[in-house]
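Chains, contacts and geometry: an overview
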Amino acid sequence: MKTTTLFPNRYVQGADILKDLGTEVSRLGDHSFMICDPFAHENLLPNFITQIQAKHKITVEEFKKECSDEEIERLVTLVKESGSDVIIGIGGGKTLDTAKAVAHTLKKPVVIIPTLASTDAPCSALSVIYTQEGTFKRYLILDKNPDLVIVDTKVIAQAPTRFLVSGMGDALATWFEAQSCKKNFAGNMSGDVGSMTAYALANVCYETLLEYGVEAKLACDANSVTPALDHIIEANTLLSGLGFESGGLASAHAIHNGLTALESTHAYWHGEKVAIGTLASLILTDKSREIIDTVFSFCESIGLPTTLEDIGLLNVTDEELMKVANLTCTEGETIHNEPSHATPEKVFYALKTMDAIGKNRKTNR
Ligand SMILES: [Zn+2]
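To start, this report covers the structure provided alongside it. Everything numeric here is computed off the predicted structure, so don't read it as measured data.

1. Digging into the state of the cysteines
The full count for this structure, using the stated rule, is zero disulfides. Cys 36 carries a free sulfur, and the closest cysteine sulfur to it, the one in Cys 67, is 16 Å from it. Lacking any disulfide linkage, Cys 220 is separated from the closest cysteine sulfur, that of Cys 205, by 17 Å.

What follows is the structure, encoded as structure tokens:
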């Protein structure tokens, strides 16, 4: 059986490690072009730019939004003019995706520096391209994963906790989706079947969330870097990244995509909607009462959504939920990686039941 496993080339995580960026990036080239989101440009860069420049030549350019073909083209031209041989992206998801796409176009090494632990995208060989107006346009599959991913835990601890919790929602799906893919011999993001390594990492991701999630959330509330926070940042960024990309996606992310059909969910973040998708997937895939109870309790303990009301769907109609269910089951969606045949009706029932369980638990608490 052919399996493919995808990894970033090097992953470095720790407090204050942005100060070592010059040393780290010098392994890849002599002159870096840094694409920086406005927040990082104003608040982070001044703290470490002198240390980097002592060891490495760097040109800084602010990300102008969106992660669009136009912005990528603008930055590609600037990189060529600067003569840089390494691309660095620092900031949120769209800045990082843009940096990956620019490096892919120019066939240069890329360094990814997430300033949030809110999704598992940083380590992956994927960019999401939008129009200039911010509408989804297409996925860009890259030839390779980032050459270097650097996560400064102090930066993550300073960000609002909701980002970290949302990242745990995204990471929560990983093990369940990988399990379904494994059972069904379904392809991962490369199209090939996942390896034992990928499934084992997806499992560690889940165990880490259950063990350290609550403590890490509280540490982040107190803007404090602790071992528990370290573990959760690693689970959200590296374990979940390796787990989803090499293990594969299934119903949780497909339900997330379905939920985006309803305007009122747009105020909620990727990981928050993935958490709802994960809870519904437990019903859909007939998990034991014990697992359902564990996952609901986990979500409640860190403040992830557990009812449709929690993601803006207080008065959602059956017709609207069917719209979500239909979109979830579109041809090519990852729900078809599930071992049992998924239909819109089954998804609809899973969402209704998940909501009923969530509500019931809230009233009985
Ligand atoms: Zn995700």
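2. Some thoughts on unusual backbone geometry
The omega torsion across Lys 65 and Glu 66 is -15°, close enough to zero to call that bond cis. Here the phi dihedral of Asp 286 falls at roughly 60°; this positive angle occurs in a residue that is not glycine. Mapped onto the fold, Asp 286 is located in the loop between helix H11 (270-284) and helix H12 (289-302). Owing to a relative accessible area of 67%, Asp 286 belongs among the exposed residues under this scheme.

3. Some thoughts on the sheet that holds strand E1 (residues 11-14)
Judged by pairing direction, the sheet is parallel, and its six strands sit side by side in the order E1-E8-E5-E4-E2-E3 without closing on themselves. The open sheet is flanked by E1 and strand E3 (57-62), the only strands paired with a single partner. When strand polarity is set aside, the average angle formed by the axes of neighbouring strands in this sheet is 15°. When strand E5 (residues 110-114) meets strand E8 (residues 148-152), the two strands line up parallel, connected through two bridges. If you follow Val 111 over to E8, its bridge partner there is Leu 148.

4. Structural notes on the packing of helix H7 (residues 161-184) against helix H8 (residues 196-221)
A pair of packed helices can be characterised by two numbers: the angle between their axes and the separation between those axes. At their nearest, the axes of H7 and H8 sit 9 Å apart, and the two run at 165° to each other. Here H7 is positioned roughly antiparallel relative to H8, judged by the angle of their axes. Once H7 is placed against H8, the crossing between them reads as left-handed. Between H7 and H8, the residues in contact are Thr 161, Leu 164, Val 165, Met 168, Ala 171, Leu 172, Thr 174, Trp 175, Phe 176, Ala 178, Cys 181 and Lys 182 and Tyr 199, Ala 202, Asn 203, Cys 205, Tyr 206, Leu 209, Gly 213, Ala 216, Lys 217, Cys 220 and Asp 221, respectively. Its residues assigned to classes, the contact of H7 with H8 shows 16 nonpolar, four polar and three charged.

5. Overview of the coordination of the zinc ion
The expected angle between donors at a tetrahedral four-coordinate metal is 109.5 degrees. At an octahedral six-coordinate metal it is 90 or 180 degrees. Protein-derived coordination of the zinc ion comes from Asp 170 (OD), His 253 (NE2) and His 270 (NE2), at a distance range of 2.1 Å. Of note, the donors binding the zinc ion are all from one chain and are spaced D-x82-H-x16-H. Taken as a pair, Asp 170 in helix H7 and His 270 in helix H11 lie far apart in primary sequence, 100 residues in all.

6. Description of the environment of Tyr 349
Here Tyr 349 shows up in helix H14 (residues 344-363). Relative accessible area serves as the criterion here: at 46%, Tyr 349 is assigned to the partly exposed category. In this structure the C-alpha to C-alpha distance between Tyr 349 and Lys 273, which are 76 residues apart in sequence, comes to 17 Å.

Procedures and definitions
- Residues numbered from 1 in each chain as written.
- Predicted model: local features only at pLDDT ≥ 70, side-chain atom pairs only at ≥ 80, totals over all residues.
- Heavy atoms only, no water.
- Disulfide = S-S within 2.5 Å.
- Helix = DSSP H or I, 4+ residues; strand = E, 2+ residues; numbered from the N terminus.
- Buried < 20%, exposed > 50% of the residue type's maximum accessible area, 1.4 Å probe, protein only.
- Pairing = 2+ DSSP bridges.
- Axes fitted to C-alpha atoms, helices over the stretch in contact; angles between N-to-C directions.
- Parallel < 35°, antiparallel > 145°, perpendicular 65-115°, else oblique.
- Left-handed = near helix turned anticlockwise from the far one by under 90°.
- Contact = heavy atoms within 4.5 Å.
- Nonpolar A, V, L, I, M, F, W, Y, C, P; charged D, E, K, R; others polar.
- Donors = N, O, S within 2.8 Å, 3.2 Å for Na, K, Ca; no water.

Read these as spatial facts, not as claims about activity.
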